[in-house]
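Each chain is listed here by its residues.
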Amino acid sequence: MAGLATTLGSGAMTNAIGELLGAEVILIFGSNPTEAHPVIGAQIRQARKRGAKLIVVDPRVIDLAHEAEIHLKVKPGTNVALLNALMNVIITEDLLDKEYVENRTEGFDELWSVVKGYTPEKVGPICNLDPEDIKAVARLYASGDPASIVYCLGVTEHSTGTTGVMSIANLALLCGNVGKVSGGVNPLRGQNNVQGACDMGAMPTDFSGYQKVANPEVIAKFEKAWGVELSNKPGLTSPQVFDAIAEGDIRFLYIMGENPMVTDPNLHFVEEMLKKVEFLVVQDIFLNETTELADVVLPATCFAEKEGTFTNTERRVQRIRKAVSAPGESRHDWEIVSQVMERLGLKNNFTSAKEVMDEVASLTPSYGGYSYERLDREQPQWPCPDKDHPGTPTLHVGKFARGERAIFKPSEYKPSAELPTEDFPLILSTGRMLYHYHSTTMTGRTEGIMNIAGEAYVEISPEDAIKAGIADGDRVKVSSPRGEIEATARVTEKLSKGVIYMPMHWPDGAVNWLTSSHVDPITHTPEYKVCAAKVAKA
Amino acid sequence: MHNVIIDGQSIEVEKGTTILKACEQLGIEIPTLCHLEHLAPEGSCRMCVVEVEGVQNLQISCATPCWDGMVVTTMNDRIRTFRSMIVELLLAHHDVDCFNCSAVGDCKLYQYAMEYGVEESRFDHIKKVPVKDESSDFFNYDPSKCILCRRCVRTCNELQSNGTLSLKKRGGDTFVSLPFDKLFKDSNCVSCGNCVSVCPTGALTTKASKTYRSWEVTRTRTTCSYCGVGCQMDLLVKNDKVVGVEPADGAPNKNLLCVKGKFAYNFINSPDRLTTPLIRKDGVLTPASWDEALDFVADNIKKVKDESGPDALAGFASGRVSNEDNYVFMKMMRSIGTNNVDHCARV
């Protein structure tokens, strides 16, 4: 998010999902939509049937790779080098949108000063790719008018994630694809309301609508509205919170609706910290691996039991509605939190979710036009500043969110923080699969799902499997410098030699016992996509 | 724009509008079996025929665009007889074992047979169809109930774009099949269930649909709680339990869902759901009252804040809960005096 916020001024999908159908070229970079965002995957396939040309950049032969004009089976952790090489070709071969670069961007000379060193011939060996394929992708992407880039965690979950995102934005700007219908830079958000959680200010630096904690006017506005004194000191990100627990600086942690004991990297450290923190509150709908360490567990309602809104990956605010009664004494999350506030002498007087949205609208410019009455009729995309505003399907049309011009922010390629060693010769990359959601607390309760996808598995190339004496279906031990887990081997040509892949879902065989604590220095996103590992027969 | 007169009512429609769409705009209901929004017009079932002045044959309204000055009649004896014959021909190849069919109450063929007064078919039932395929974990396929409207085939190929379903054989022997006559569980099917959602009869039914009749359920429009696409869908509820999910025509999903949205709803009514606050006592999470639990939380917040300042507290909100939940949570943390609030966007 920080990468796009810096270059364009807004860290969200620039275009609507439906606009994919109008793209001439779709570059799918580090995203596996037919599994992780299946209904977007289906629409990308529809676009292909209508003539769009697909390019896939992924270390695995994902399903869409079979339908792509070109698939670059890139080595994990080398995205920035590849993106620089693509731009190198586009500039060298004069395929850029000069008028757009001239009129709507700044920093082109700096961009060229960096990417000129990244010739396809030099980058090919870094990324484990044929330089001719890199050139072909650059030409195909540059030929698309419009061309859309769809990317996901394969770009962000690296210690160089932010530079990867900025490099993607550079590429799109270079070809004039930002601020154009059916073009754009489109990060697919993983969770149902991760966009909304960001929008609502569940971030250490921002109030709702990305109003900065560091801005005194913002502080003054919220102090007046809430009648309390607020801190202007930016808070800690979640990985920093764990570090602060280690230092003894954080003594109390309140977790609402997350299961870090499966989903966070390096679970050994997470477990130690959740045990160390003096007081842990967990608010959830099920007992899970994290509640096992909690001092208090508060029962919450799920989406089918409450009124509210989710904001999807394309910035569209949509309603959820109560369909069934809440089980037992469970209460809505906002209600529980309000009741804690009341006990702290912090009254907020909310009696319904609708009233919460009214306050959000009154204090959040990009959400100013929303109310439940309106959302029952239509679901506009933000920015939607007032009740008559139609919403904004395409961002940055005519003018960027950051101002008149977008800025090129070039980056040098830096290898991943943890590279294979003699003891751990493989790169372990993690991800998602179609049938499960995160830590399986929800999907794991449907029998049919578990019949199809009931246990942890590791994908390994035939070359590496032969070397380790592993056959398809064998139980294997997968280990990293942090630990060891067991899983079933799937020997597959989806992967290149030297790379193994594990979905992150199952608590039994949770791959996050192996992943490292390395994070991107700006966003603190963990490097889930690269750590050193080895596989042996169990 | 074209001016059209339908059943004596005048309407102005945009160029390219089909007669069916124009009828919809006027609130005139036309029976359809193969027609489906978001699919290319098929025009194979012929149920939607109407009479157009100056044209000899009845016209299929789903695939015929309006022209300026068109005069349309949507019901008369000729049309009624034609549609009755369609229903009768379909019934000839349909296993009318309705007592054993979970589509009962939801079946378009049943509905039109009633509407057009077709009690039985005069034609011989000669069609041979393959045996049922109940191999999927989520749905059943009964070819004897199929009317070959091809909604499922087109949805699988044009919209889901998975290429699992196709037609096999010719003429009266035609049936919907999978490549190499595989079972669903052995095919490339991804269990999205979109074919099931569009089936107008009982040929494709969810396994769960045996447990409810369509008139027993209430439908609540909501947003899927899995990934970030934000698919719109209806929760089907019977006796305060979610018994099924149907896709809705929302902007992000246009009537499609995936296996998680369509079938992975059992967690909602799971007996494992938390129903009471729990406080750890002697190392064990023990049921407690809300007052007890909330006091315990608030007292500890106060204690830590008093002893170590507000920045000794931190909270994680969530990309799983609603905007309203996240907003109130961040309001609480900041009102306590700290900006240590984050969520799982990073992880």
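Everything that follows concerns the structure shown earlier in this document.
What counts, and where the lines are drawn
- Residues numbered from 1 in each chain as written.
- Chains lettered and ligands numbered in written order.
- Predicted model: local features only at pLDDT ≥ 70, side-chain atom pairs only at ≥ 80, totals over all residues.
- Heavy atoms only, no water.
- Phe/Tyr/Trp six-rings, centres within 6.5 Å; stacked < 30°, edge-to-face > 60°.
- Helix = DSSP H or I, 4+ residues; strand = E, 2+ residues; numbered from the N terminus.
- Buried < 20%, exposed > 50% of the residue type's maximum accessible area, 1.4 Å probe, protein only.
- Pairing = 2+ DSSP bridges.
- Right-handed = clockwise from strand over helix to strand, strands pointing away.
- Contact = heavy atoms within 4.5 Å.
- Axes fitted to C-alpha atoms, helices over the stretch in contact; angles between N-to-C directions.

Looking now at the packing of aromatic side chains. Under the counting rule described, the total for this entry stands at 18 aromatic pairs over all chains. Each ring, one from W226 of chain A and one from Y327 of chain B, has its centre 6.2 Å from the other, and the planes form 80°; the classification is edge-to-face. Taken together, the residues W226 of chain A in helix α12 (residues 216-226) and Y327 of chain B in helix α8 (residues 323-336) connect one chain to another. Judged by relative accessible area, Y327 of chain B falls into the buried class, the value being 0%. Between F279 of chain A and F296 of chain B the ring centres are 5.1 Å apart and the planes differ by 80°, which places this aromatic pair in the edge-to-face class. Note that F279 of chain A is positioned in strand β10 (residues 279-284) and F296 of chain B in helix α7 (residues 290-308), a pairing that runs across two chains.

On to the pairing of strand β15 (residues 313-316) of chain B, then. Side chains of β15 of chain B alternate between two faces, with L313 and G315 of chain B and A314 and F316 of chain B buried alike. Pairing of strand β9 (residues 252-256) of chain A with β15 of chain B, which is carried by four bridges, proceeds in the parallel orientation. The residue bridging Y254 of chain A from the neighbouring strand is G315 of chain B, located in β15 of chain B. Bridge count for β15 of chain B against strand β16 (residues 341-342) of chain B is two bridges, and the pairing is parallel. Considered in β16 of chain B, the bridge of G315 of chain B is made with V341 of chain B. Crossover handedness for the path β15 of chain B to α8 of chain B to β16 of chain B: right-handed.

Take the sheet that holds β15 of chain B next. With mixed pairing, seven strands are arranged side by side in an open sheet as β14(B)-β13(B)-β11(A)-β10(A)-β9(A)-β15(B)-β16(B). Lying at the two open borders of the sheet, with one neighbouring strand each, are β14 (284-287) and β16 of chain B. Here helix α16 (residues 333-343) of chain A sits on the sheet and contacts β9, β10 and β11 (296-299) of chain A; the angle it forms with β9 of chain A, its principal contact strand, is near 155°.

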